[in-house]
Each structure stands twice: as structure tokens, then as C-alpha cells.
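Observations on the model geometry
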Amino acid sequence: MMDAVHVGATIRAERARRGLTQAELAEATGIAQTTLAGYERGKSGMSFENALTLAEFFGMGLDELSGRVPPR
């Protein structure tokens, strides 16, 4: 099971590292900005499809997104 707070922090950090706004990440991934905001706050559960989309966009595995292993 993924820890929503850790996943949210990972998404926020990876988005910031790339200099993207939530709106830009939403456009690039097809995930609604309000959904991304909920993920970043650790307040929303994530579907497998969205987790896979974000992991692929950030060039990491689901294990990295979930915090099971450190990001590369």
C-alpha cells in the first residue's frame, strides 16, 4: 500500500525539480489539476492508472513513487 503523504511529497518534489506548475503537470499527464493538488496534499487516494502515468512521466518506477525504494 502506498503512503499518500509520501507519494504526495514525491510528486511535489519531482514537479518542482522540473519547474512545472500543477496546471502544466495536469496538461502533460491528463490528470486533473484538482486531483494532483489532492495527491500533493496527501488527501486523495490514487488509482493504479494515475500512479503509473505519474511514475512514467517522472521516469521512475512505482516502487520509487511509493517510497519503497529511494528515487534514482
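Structure: see above.
Presented here is a report on the structure given in the accompanying data block. Computed from a predicted model, the values in this text were never measured in an experiment. (Residues numbered from 1 in each chain as written. Predicted model: local features only at pLDDT ≥ 70, side-chain atom pairs only at ≥ 80, totals over all residues. Heavy atoms only, no water.)

What follows deals with the overall build of the chain. Across its full length, the chain holds five helices and zero strands. Counting helices and strands in the order they occur from the N terminus, the chain gives α-α-α-α-α. Here the C-alpha atoms of the chain give a radius of gyration of 11 Å, agreeing with the 11 Å that 2.2 N^0.38 yields for 72 residues. With the C-alpha coordinates of the chain rotated into their principal frame, the extents come out at 25 × 25 × 20 Å. Going through the 72 residues of the chain one by one, you find that 36% of them count as buried. Counting only contacts in the chain whose residues sit at least 6 apart along the sequence, the fraction spanning at least 24 positions is 49%. (Helix = DSSP H or I, 4+ residues; strand = E, 2+ residues; numbered from the N terminus. Rg over C-alpha atoms; globule rule 2.2 N^0.38 Å. Buried < 20%, exposed > 50% of the residue type's maximum accessible area, 1.4 Å probe, protein only. Contact = heavy atoms within 4.5 Å.)

Core analysis: the biggest nonpolar cluster contains 13 residues, and Ile11, Leu25, Leu36, Tyr39, Leu54, Phe58 and Leu65 have the highest contact counts within it. Listing elements by their share of this core, those giving two or more residues are α1 (4-17), α2 (22-29), α3 (33-40) and α4 (48-58). Sequence-distant contacts of tyrosine 39, defined by excluding residues within four places in its chain, comprise Ala4, Gly8, Ile11, Ile31, Ser44, Gly45, Met46, Ser47, Asn50 and Leu54. (Core = buried A, V, L, I, M, F, W, Y, C linked by side-chain atoms within 4.5 Å.)

Turning our attention to the side chain of threonine 29. Positionally, threonine 29 belongs in helix α2. A distance of 3.3 Å separates a polar atom in the side chain of threonine 29 from the backbone nitrogen of isoleucine 31. (Polar contact = N/O pair within 3.5 Å; in protein donor to acceptor, adjacent residues only side chain to side chain.)

Enumeration over the complete set of coordinates arrives at one aromatic pair. Relative to phenylalanine 58, the ring of phenylalanine 57 lies with its centre 5.5 Å away and its plane at 70 degrees, an arrangement referred to as edge-to-face. (Phe/Tyr/Trp six-rings, centres within 6.5 Å; stacked < 30°, edge-to-face > 60°.)

To continue, consider the pattern of salt bridges. Throughout the structure, instances matching the rule amount to three salt bridges. Taking the shortest distance from any N to any O, the salt bridge between arginine 18 and glutamate 14 comes out at 2.6 Å. The class for arginine 18 is partly exposed, based on a relative accessible area of 30%. What makes glutamate 14 buried here is its relative accessible area of 9%. One network of salt bridges, with partners in common, ties together Glu14, Arg17 and Arg18. (Salt bridge = Lys/Arg side-chain N within 4 Å of Asp/Glu carboxyl O.)

Another aspect to go through is the packing of α2 against α3. At a minimum axis distance of 9 Å, the contact between α2 and α3 shows a crossing angle of 115 degrees. Considering only the axes of α2 and α3, their crossing is right-handed. On the side of α2, the interface is formed by Gln22, Ala23, Leu25 and Ala26, while α3 contributes Gln33, Leu36, Ala37 and Glu40. (Axes fitted to C-alpha atoms, helices over the stretch in contact; angles between N-to-C directions. Left-handed = near helix turned anticlockwise from the far one by under 90°.)

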